[in-house]
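Results of the structural survey
Residue-level listing of the chains:
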Amino acid sequence: MIKHENIETNAGLLIVLTLIVISIGGLVEIVPLFYINDTVEKVSGVRPYTPLELRGRDIYQREGCYLCHSQMVRPFRDEWLRYGHYSLAAESQYDHPFQWGSKRTGPDLARVGGKYSNAWHVAHLINPRDVVPQSIMPNYPWLQTTDLDYSDVQARMRALKRTGVPYSETQAEYDHNVATFGPETANKLDILHAEENLMQQALANDYDGQRDRVTEMDALVAYLQVLGTMVDFSRYDEGYFAEFR
Amino acid sequence: MSDKKARSQGAVQTTGHAWDGDIQEFNNPLPTWWLWAFYATVVFALIYWVLYPAWPVGGSFTKGLFNDITFVDSDGSVKTTHWNTRALLIRDLKEGEEARLSAEYMSKVADASYAQILADPEMMAYTRSVAKGLFGDNCAACHGSGGQGVIGLFPNLADDAWLWGGSIDQIHKTIAEGRYGFMPAFRDTFNDKQLRDVASYVLSLSGNKVDNAARARGEKIFQTQEGGCHYCHTPAGTGLKSQGAADLTDQIWTIADVNGTDDPAVKLERVEKVISGGVQRQMPHWSERLTPAQIKLLTVYVHELGGGQ
């Protein structure tokens with residue numbers, strides 16, 4: 001029989017038993033998510049980020065935007081009225097790590113895509129007070145003047161692929177993406193053509209208003225403009241989502 | 001102090017362990033109230049486990065007993081499910097006190113014509129209070145909380161000059177479908193002198209004093225193929241609402257900040273800059289983000305803000 005005194009006087013044993021006790025709470029919460037059938041809603045439209053959006057997401061994290069902005073609309077009436085539909089688990093299935101956050105110094109950004117024009121985002125990020133006089137958000141003027149470094153975008157996509165994001169490298173993976181997302185999206189998820197795709201998206205949309213350059217602003221605005229826009233909620237009955245809780 | 005310490009030490013038991021001969025460990029029993037509070041939380045948890053979704057079991061989980069939610073789904077069917085926040089929200093959005101009241105007004109607004117809303121003081125009062133919130137959430141970031149806009153970027157909605165028209169129908173169309181204000185860049189068309197000439201003419205339209213010779217040369221550019229300005233701005237310079245082309249004859253400027261300076265040279269410079277750089281401004285469309293009734297409220301609100309026509 002293990003006695004209180006034996007445990008307390010044996011540091012090794014104390015550590016092992018402590019670890020076991022505190023891991024129970026975590027395991028009970030996390031493990032079931034892997035085998036409960038209905039945790040991620042089955043909705044169409046959610047796809048991994050394109051190379052440009054992905055770099056934008058990296059910049060979002062580098063600049064610490066998540067310290068003031070959450071990306072998780074909760075299922076409450078006030079949030080519904082202000083931001084729109086609550087976030088689904090399915091919508092962050094390709095986010096590693098997800099950007100849910102819990103600090104809202106600024107508004108939630110989970111559904112900010114399409115809400116403003118590119119020009120607004122550019123003006124707002126350079127100096128928020130130019131468009132929102134009472135804003136306390138910091139200025140990020142360098143995004144507009146720093147060329148986007150995308151030399152390692154393939155490596156970044158490969159890293160995400162390891163975590164299960166379906167970027168494709170082989171023909172079989174590509175074909176699989178064509179079947180899941182359609183050919184247009186599948187092309188953008190092709191690691192081997194990442195740089196080309198990135199340039200093409202940046203030049204075609206000219207997010208930063210500087211036609212001849214691809215800057216960090218292009219990437220960040222491309223990312224912001226896609227947030228929360230992938231699922232077409234008019235295609236689902238609300239009751240359907242309630243089945244996943 | 002030390003008295004008190006000694007007293008309390010005397011009352012405290014030790015665990016009976018001793019290290020290094022005389023180091024003992026106190027055993028301070030928990031206060032009774034604390035212990036009972038702890039037992040109460042355990043009982044609370046047990047009840048909670050029964051009533052609410054709690055434990056994972058196989059591929060599913062315990063869904064809670066005696067605690068179902070009945071709600072009306074989007075397709076109108078009535079559904080009952082175990083307690084969960086999403087179902088609770090659906091019910092709250094449809095049946096909550098606030099929701100019922102606003103749905104009542106919203107359906108009134110949705111059914112009413114614009115003329116009826118404008119004529120009904122009660123509906124107008126409701127419109128103002130709700131649309132103010134909608135405007136704050138969706139429009140104020142660009143147009144400012146009072147609709148005053150930002151010169152060069154976003155037009156002022158609170159004045160009575162309209163790019164696309166200030167009638168109810170036109171404002172409705174602007175909000176629902178969005179607008180793209182486009183004027184080509186003339187930097188490759190004009191040399192510096194031509195730019196100065198045409199800018200002088202433009203400024204003269206609103207009564208600014210300019211060099212007369214330049215004005216005359218500019219007029220020719222404006223009114224002919226050379227500049228083609230009259231296609232969009234009309235020969236009189238009053239602008240074409242169907243193109244969103246600004247009225248150049250009034251004192252109101254939405255892009256070139258002419259009123260921001262008294263120096264005629266700077267005024268000229270600012271107008272030149274707009275002409276050489278062109279304009280591309282986008283007003284997003286809202287038909288997907290907002291419901292038809294919400295767009296209706298905003299239309300009335302903006303119409304009222306800007307002395308609508």
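Residues numbered from 1 in each chain as written. Chains lettered and ligands numbered in written order. Predicted model: local features only at pLDDT ≥ 70, side-chain atom pairs only at ≥ 80, totals over all residues. Heavy atoms only, no water.

Time to look at the overall build of chain A. Helix and strand counts for chain A stand at 12 helices and zero strands. Dimensions of chain A, computed from C-alpha atoms along their principal axes, come out at roughly 75 × 50 × 40 Å. The burial tally for chain A puts 45% of its 245 residues in the buried class. On chain A, roughly 12,700 Å² of surface is accessible, and the fraction owed to carbon and sulfur atoms is 58%. Charge-centre separation for chain A: the mean point of 23 positive side chains lies 4 Å from the mean point of 33 negative side chains. (Helix = DSSP H or I, 4+ residues; strand = E, 2+ residues; numbered from the N terminus. Buried < 20%, exposed > 50% of the residue type's maximum accessible area, 1.4 Å probe, protein only. Areas by Shrake-Rupley, 256 points an atom, 1.4 Å probe, with all protein chains shown as cover. Lys, Arg positive; Asp, Glu negative; His and termini not counted. Charge placed at Lys NZ, Arg CZ, Asp CG, Glu CD.)

Take the confidence of the model for chain A next. Per-chain confidence: chain A averages 93 in pLDDT, with 99% of residues scoring 70 or above. Looking across chain A, the model is least confident in helix H1 (residues 4-8) of chain A, with a mean pLDDT of 83, and most confident in helix H3 (residues 51-62) of chain A, with 98. (pLDDT = per-residue confidence, 0-100.)

Moving on, we get to the packing of helix H6 (residues 121-138) of chain B against helix H13 (residues 292-305) of chain B. Residues and elements named next belong to chain B. Packing of H6 against H13 leaves a shortest axis separation of 9 Å and a crossing angle of 100°. In terms of orientation, H6 lies roughly perpendicular with respect to H13. Contact residues: Met124, Tyr126, Thr127, Arg128, Val130, Ala131, Lys132, Leu134 and Phe135 in H6; Gln294, Leu297, Leu298, Val300, Tyr301, Val302, Glu304 and Leu305 in H13. Classifying every residue of the contact of H6 with H13 gives 12 nonpolar, two polar and three charged. (Axes fitted to C-alpha atoms, helices over the stretch in contact; angles between N-to-C directions. Parallel < 35°, antiparallel > 145°, perpendicular 65-115°, else oblique. Contact = heavy atoms within 4.5 Å. Nonpolar A, V, L, I, M, F, W, Y, C, P; charged D, E, K, R; others polar.)

That bond from His96(A) to Pro97(A) is cis: its omega, -10°, falls within 30 degrees of zero. The residue Pro97(A) is located in the loop between helix H4 (77-83) and helix H5 (118-126) in this model. Backbone geometry places Phe66(B), a non-glycine residue, at a positive phi of 55°. On the secondary structure map, Phe66(B) appears in the loop between strand S4 (60-61) and strand S5 (69-72). Phe66(B) gets classed as exposed once you look at its relative accessible area, which sits at 74%.

What follows covers the domain arrangement of chain A. According to the domain assignment, chain A consists of domain 1 (4-35) and domain 2 (51-242). Here the C-alpha centre of domain 2 of chain A lies 39 Å away from the C-alpha centre of domain 1 of chain A. (Domains from an automatic or database assignment.)

This part covers the interface of chain B and chain A. Every contact between the two is made by 36 residues of chain B and, on the other side, 42 residues of chain A. Summing the contributions of chain B and of chain A, the shared interface buries around 3,200 Å²; its carbon and sulfur component is 58%. Interface area lost by chain B to chain A is led by Arg86(B), Leu89(B) and Arg289(B), which between them contribute 22%. At the junction of chain B with chain A, the criterion picks out two salt bridges. The shortest N-O distance in the salt bridge between Glu41(A) and Arg86(B) comes to 2.8 Å. (Buried area = accessible area lost by both parts, 1.4 Å probe. Salt bridge = Lys/Arg side-chain N within 4 Å of Asp/Glu carboxyl O.)

Another point: the environment of Tyr240(A). Residue and element names in this part refer to chain A. Assignment of secondary structure puts Tyr240 in helix H12 (residues 238-242). A relative accessible area of 22% places Tyr240 in the partly exposed class. In this structure the C-alpha to C-alpha distance between Tyr240 and Ser102, which are 138 residues apart in sequence, comes to 26 Å.

This part takes up the domain arrangement of chain B. Residue and element names in this part refer to chain B. Along its sequence, chain B is carved into domain 1 (32-94), domain 2 (105-178 + 284-306) and domain 3 (182-282). Taking only C-alpha atoms, the centre of domain 2 and the centre of domain 3 are 30 Å apart. Taken together, the 12 residues of domain 2 in the interface contact 15 residues of domain 3. Of all residues in domain 2, Ile151, Leu163 and Trp164 give up the largest surface area on contact with domain 3, accounting jointly for 50% of the area buried on that side. There are zero salt bridges connecting domain 2 and domain 3. Our count for the contact surface shared by domain 2 and domain 3 stands at three residue pairs in polar contact (both at pLDDT 80 or more). Considering only residue class, the side of domain 2 that touches domain 3 consists of nine nonpolar, two polar and one charged. (Polar contact = N/O pair within 3.5 Å; in protein donor to acceptor, adjacent residues only side chain to side chain.)

This brings us to the nonpolar core. Counting 56 residues, the largest nonpolar core has Val43(A), Tyr49(A), Leu52(A), Leu125(A), Tyr167(A), Leu220(A) and Leu224(A) as its most contacted members. Listing elements by their share of this core, those giving two or more residues are H3, H5, helix H7 (153-162), helix H10 (194-205) and helix H11 (216-226) of chain A together with helix H7 (140-143) of chain B. Among the elements that take part in this core, H11(A) stands out by supplying eight residues, more than any other. Ranked by size, the runner-up nonpolar core spans 29 residues in total, among them Tyr105(B), Val109(B), Ile168(B) and Leu298(B). (Core = buried A, V, L, I, M, F, W, Y, C linked by side-chain atoms within 4.5 Å.)

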